[in-house]
Amino acid sequence: MSEPKIYRYLDPSNKYPLDPEGYLVHQSEWDESVARLMAEEEGLTLTAEHWEVIEVVRAFYHRYEMAPAMRPLVKATKNALGEEKGRSIYLMQLFPGSPAKRIARLAGLPKPTNCL
């Protein structure tokens with residue numbers, strides 16, 4: 001398997017390489033400070049609500065070895081956080097645009113399969 005292409009770096013010290021779509025090249029480098037840097041770059045301030053969804057997605061990844069697309073994301077969030085938070089509208093309000101892709105990126109995971 002070829003080495004992922006480095007498109008740019010997240011920080012001025014060139015410590016965190018990103019691929020062309022903004023995902024971490026080396027998942028092992030992820031931590032909360034990296035997530036905050038990525039969110040800040042996107043104009044997003046991570047709250048407790050964001051973090052609980054990020055943790056759900058990271059747990060999903062560790063269990064299934066893949067980041068969830070939107071439907072599995074909604075279901076996993078519903079199972080972990082309850083009916084009110086397990087709705088696509090809730091996730092879209094927290095993570096505007098494409099929630100599954102955005103959450104995976106912020107969680108230091110690869111792009112979800114079946115996401116355009």
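Residues numbered from 1 in each chain as written. Predicted model: local features only at pLDDT ≥ 70, side-chain atom pairs only at ≥ 80, totals over all residues. Heavy atoms only, no water.

S.K.: Which parts of the structure should I look at to understand the overall build of the chain?
M.R.: The helix and strand inventory of the chain stands at 5 helices and 2 strands. Helices and strands in the chain line up, N terminus first, as β-β-α-α-α-α-α. Counting only C-alpha atoms and orienting by the principal axes, one finds that the chain spans roughly 40 × 30 × 20 Å. For the chain, the residues scored as buried account for 44% of the 116 residues in total. Within the chain, residue pairs in contact and separated by at least 24 positions form 49% of the contacts whose partners lie at least 6 positions apart. When the accessible surface of the chain is totalled, it reaches about 6,900 Å², and 51% of it is carbon and sulfur. (Helix = DSSP H or I, 4+ residues; strand = E, 2+ residues; numbered from the N terminus. Buried < 20%, exposed > 50% of the residue type's maximum accessible area, 1.4 Å probe, protein only. Contact = heavy atoms within 4.5 Å. Areas by Shrake-Rupley, 256 points an atom, 1.4 Å probe, with all protein chains shown as cover.)

S.K.: Even after reading the chapter, I still don't get the nonpolar core, so can you show me in this structure?
M.R.: A general trend in soluble globular proteins is that nonpolar side chains are found buried together. Counting 30 residues, the largest nonpolar core has Leu 46, Ile 54, Phe 95 and Leu 106 as the members making the most contacts within it. Listing elements by their share of this core, those giving two or more residues are helix 1 (32–41), helix 2 (48–64), helix 3 (70–81), helix 4 (88–94) and helix 5 (99–106). No other element matches the 5 residues that helix 2 contributes to this core. Among all residues touching Leu 46, those that are not within four sequence positions of it are Ala 35, Arg 36, Ala 39, Trp 51, Ile 54 and Leu 106. (Core = buried A, V, L, I, M, F, W, Y, C linked by side-chain atoms within 4.5 Å.)

S.K.: Please clarify how the pattern of salt bridges should be interpreted in this entry.
M.R.: Pairing between side chains of opposite charge can happen when the charged atoms of each approach one another. Throughout the structure, instances matching the rule amount to 8 salt bridges. The partner of Arg 102 in a salt bridge is Glu 42, and the shortest N-O contact between them spans 2.5 Å. Of the two residues, Arg 102 sits in helix 5 while Glu 42 sits in the loop between helix 1 and helix 2, which places them 60 residues apart along the sequence. Exposure remark for Arg 102: the relative accessible area of 12% places this residue in the buried category. With a closest N to O distance of 3.1 Å, Glu 42 and Arg 105 form a salt bridge. Residue Glu 42 is located in the loop between helix 1 and helix 2, and its partner Arg 105 is located in helix 5; the two are separated by 63 residues in the primary sequence. Given the relative accessible area of 16%, Arg 105 is considered buried. Look at the salt bridges and you will find they share partners, linking Glu 42, Arg 102 and Arg 105 into a network. (Salt bridge = Lys/Arg side-chain N within 4 Å of Asp/Glu carboxyl O.)

S.K.: Would you mind showing me how to read helix 2 here?
M.R.: Each α-helix winds once per 3.6 residues, and so residues spaced three or four apart point in a common direction. The end-to-end C-alpha distance of helix 2 is 24 Å, a good match for the 24 Å that 17 residues give at a rise of 1.5 Å each. Inspection of helix 2 places His 50, Trp 51, Val 53, Ile 54, Val 56, Val 57, Arg 58, Phe 60 and Tyr 61 among the buried residues, and these make up the whole buried set. Lining the buried residues of helix 2 we find helix 1, helix 3, helix 4 and helix 5. In the stretch just after helix 2, Glu 65 is the one whose phi turns positive, near 60 degrees. (Expected span 1.5 Å × (residues − 1).)

S.K.: I'm lost on the packing of aromatic side chains in this one. Help?
M.R.: Aromatic ring pairs are reported here in terms of the distance separating the ring centres and the angle at which the planes meet. Summed over the entire model, instances satisfying the criterion amount to 1 aromatic pair. Plain terms: the ring middles of Phe 60 and Tyr 64 are 4.6 Å apart, the flat faces sit at 45 degrees to each other, and that makes the pair tilted. Taken as a pair, Phe 60 and Tyr 64 lie in helix 2 at a separation of 4 residues, close to a single helical turn. The exposure class assigned to Phe 60 is buried, which follows from its relative accessible area of 15%. Of note, Arg 105 hangs over the ring of Tyr 23, and the distance from its end group to the ring centre comes to 5.3 Å. (Phe/Tyr/Trp six-rings, centres within 6.5 Å; stacked < 30°, edge-to-face > 60°. Lys NZ or Arg CZ within 6 Å of the ring centre and 35° of its normal.)

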